[in-house]
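Single-letter residue listing:
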Amino acid sequence: MKGFSLAWRSVIRKPVKSVLLFVTVFTISLLLLSGLSSGKATIQMQDHTRQAIGAGLLLEENEADRHRRIDVLAGQLDHEEGSLGGYHQEKITINGVENWRTWTDNSFETLLVEDIEIIAGTEGIDDYNITTVTTAARPIDFIRIEDEDVDQYSDLGGVSLIGNKDMSMDSNFLSGNAFITDGRMIQEGEKDVCVISSELADKNQLEIGSIIRFGKCGNIEDSMTYEAEVVGIYQVNQPIAPYMYGDTYRSENIIFTDLDFPEKVDGKAGDPLYEKAYFKIADVKEYENVKLKVMEADIAWERYDLIDNNGNMNTLSANFNEMEKYSRVLVWVISGASLVILFLIFQFWMKSRNREIGIMLSMGTSKIQILAQIMTEAFMIAAVAVLISFLAAPEVSDLMADYLVEQQIQSMEEQDLLDEGKVAFSYEKSEQNVVGVQAEITSGMLIQDAAGMALLIAISVCVSGIAIMKRNPRDILQAL
């Protein structure tokens, strides 16, 4: 108690030094908390091209978690050739140089059917649809649509297939951009059927009931072919955004099929690759309640992004370019600069208290006791500063997250300007807007911040006290 009493009296006796340390620790703590929370901020985006009529929820893969899972599996393989959880790596030699080849298969990339079915079973969900990834296929005995002015050498020379469990809930038709002009949509449970574009139908004189054949794209030697009956012909108001560049994926060459057909043509029957799932909500008035129930479903949510019917998407900032990396760098910069600032402050403390330290040493007070008293004073002031910073952190964290997001948007806009004119698009590009950023302060972040501040202060006090503590009382007093 005596040590705390002496420390407290010293704090109130030197208000200027105490206030200086208080303001410094408060600012550092606030910046550290803001940096930590910005990296995990929730960013609400609106993608106008994914808006749909009605009430529903869209489930897609979270790209940040995909990269995390790859890193985990690569670490488990530990620079050895092999496969694990749908991730594969092998050594290859190119021009005498050894390299690693890595890839993932459908089992790693696909949305999990069991998770989709759990969500579909949530009270308030009326029906659901599963959509495959866009799959390239080789047209056999029919001609695709091509741009005559474009070199097709690097293109796959195919058409693209999109499979649906329930075609009526495909995003292209649900939004009203695509519509049937002849025939009908594919019904759930049908096999080996397709719906083609009016342009493809006109070019090949295809009609309802026609049979068209496909082969595996990129493998002309593979004689295996697959037939599908044309049950519908569609048109679009705006060209459908292609999955990749090239005429293989252009809007007119997109063919809608039953859910299982694309994997068969790709030579991966029984090994599907599902890209998204749409869940139709029965009662629009209960939309928000159902959405909350869905988010409580017991699935691995870190794998997914959940997008509402207005195109609003909540996703971790790690999926928003490299914001998490920037915030991590920011925390390290703040920590480094803070250590230097605190060291200078405690150097000032020590020099201004040379006489006091010399007298205390002359009276028999040990150097450890003196250092402990200074440390106690620092922790007293720091504790109050850190606690107050906790109260101000949420508002400041939101401001910092907003700033980092603005920097990301500006960087993307600058890149778009650089790329302008390099690529010609035959469709309307996705218009994505950030409509909200929220940085949450968690208990873990508070603990990290408090522990970090304690460590910075302890290091600064110890390093600053070395010069004084190495000297004897006579030298200290004679130097005054």
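All residue numbers refer to positions counted from 1 along the written sequence of the respective chain. The model is predicted, so local features are restricted to residues of pLDDT at least 70 and side-chain atom pairs to those at 80 or more, both for listing and for counting; the totals for chains, interfaces and linings are taken over all residues. Note that the side-chain values use all heavy atoms of the structure and ignore hydrogens as well as water.

*Asks:* Got a minute to help me understand the pattern of salt bridges in this structure?
*Replies:* In a structure, side chains of opposite charge can pair up when their charged atoms sit close to one another. By definition, a salt bridge exists where a carboxyl oxygen of Asp or Glu is found within 4 Å of a side-chain nitrogen of Lys or Arg. On inspection of all chains with the given rule, the structure shows 19 salt bridges. With a shortest N-O distance of 3.1 Å, Arg69 and Asp65 are connected by a salt bridge. With Arg69 and Asp65 both in helix H3 (residues 63-77), this residue pair falls four residues apart, about one helical turn. Taken individually, Arg69 and Asp65 each receive the classification buried, so the pair is uniform in this respect. Between Lys165 and Glu188 there is a salt bridge, with the nearest N and O atoms lying 2.8 Å from each other. Highlighted residues: Lys165 in the loop between strand E8 (159-164) and helix H6 (171-174) and Glu188 in the loop between strand E9 (178-183) and strand E10 (193-197), separated in sequence by 23 residues. Partly exposed describes any residue whose relative accessible area lies between the buried limit of under 20% and the exposed limit of over 50%, with all areas from a 1.4 Å probe on protein chains only and scaled to the type maximum. Accessibility expressed as a relative area gives 14% for Lys165, which makes it buried. Each member of the salt-bridge network shares a partner with another, and the members are Glu61, Asp65, Arg68 and Arg69. Strands here are runs of E lasting at least two residues and helices are runs of H or I lasting at least four, both read from the DSSP assignment and numbered beginning at the N terminus.

*Asks:* Before we go on, may I ask you to explain the nonpolar core in this structure?
*Replies:* Soluble globular proteins tend to bury their nonpolar side chains together. If you look at the biggest cluster of nonpolar residues, it comprises 24 residues, and the most contacted ones within it are Leu21, Val25, Leu342, Phe346, Ile457 and Val461. Among the secondary structure elements, those contributing two or more residues to this core are helix H2 (15-38), helix H10 (323-352), helix H12 (367-419) and helix H13 (443-469). Sequence-distant contacts of Val25, that is, excluding residues within four places in its chain, are made with Leu342, Ala382, Ala385, Val386, Met453 and Ile457. In terms of nonpolar packing, the next biggest core, distinct from the first, is built from 21 residues, Ile116, Ile119, Ile281 and Leu306 among them. In this description, a nonpolar core means a group of buried Ala, Val, Leu, Ile, Met, Phe, Trp, Tyr and Cys residues linked to one another through side-chain atoms lying within 4.5 Å. Contacts: residue pairs with any heavy atoms within 4.5 Å of one another.

*Asks:* Honestly, the pairing of strand E14 (residues 274-281) in this entry has me stumped. Any pointers?
*Replies:* Regular strands show a simple pattern: their side chains alternate between the two faces of the sheet. Along E14, six of the eight residues are buried, which leaves the element largely enclosed by surrounding structure. The criterion for strand pairing is that DSSP finds at least two bridges linking the strands in question. Alignment of strand E2 (residues 56-61) against E14, held across five bridges, turns out to be antiparallel. Within E14, the residue paired with Leu59 across the bridge is Ala277. Pairing of strand E6 (residues 125-132) with E14 involves seven bridges; the strand directions are antiparallel. Looking at the pairing, Asp127 lines up with Lys280 of E14.

*Asks:* Is there a simple way to think about the sheet that holds strand E4 (residues 87-94) in this case?
*Replies:* Note: strands within a sheet are paired through backbone hydrogen bonds, in either parallel or antiparallel orientation. Strand order across the open sheet formed by three strands is E3-E4-E5, with antiparallel pairing between neighbours. Where the open sheet ends on each side, the last strands, each with one partner, are strand E3 (82-84) and strand E5 (97-104). The sheet shows a mean angle of 25° between the axes of neighbouring strands, direction not considered. Bridge count between E4 and E5: eight bridges; the pairing is antiparallel. Considered in E5, the bridge of Gln89 is made with Thr102. Interaxial angles span 0 to 180 degrees and are taken between N-to-C directions of axes, which are lines fitted to C-alpha atoms, for helices over the stretch in contact. Across the sheet, H3 is in contact with E3, E4 and E5; its angle to E4 comes to roughly 65°.

That's the geometry; what it means functionally is another story.
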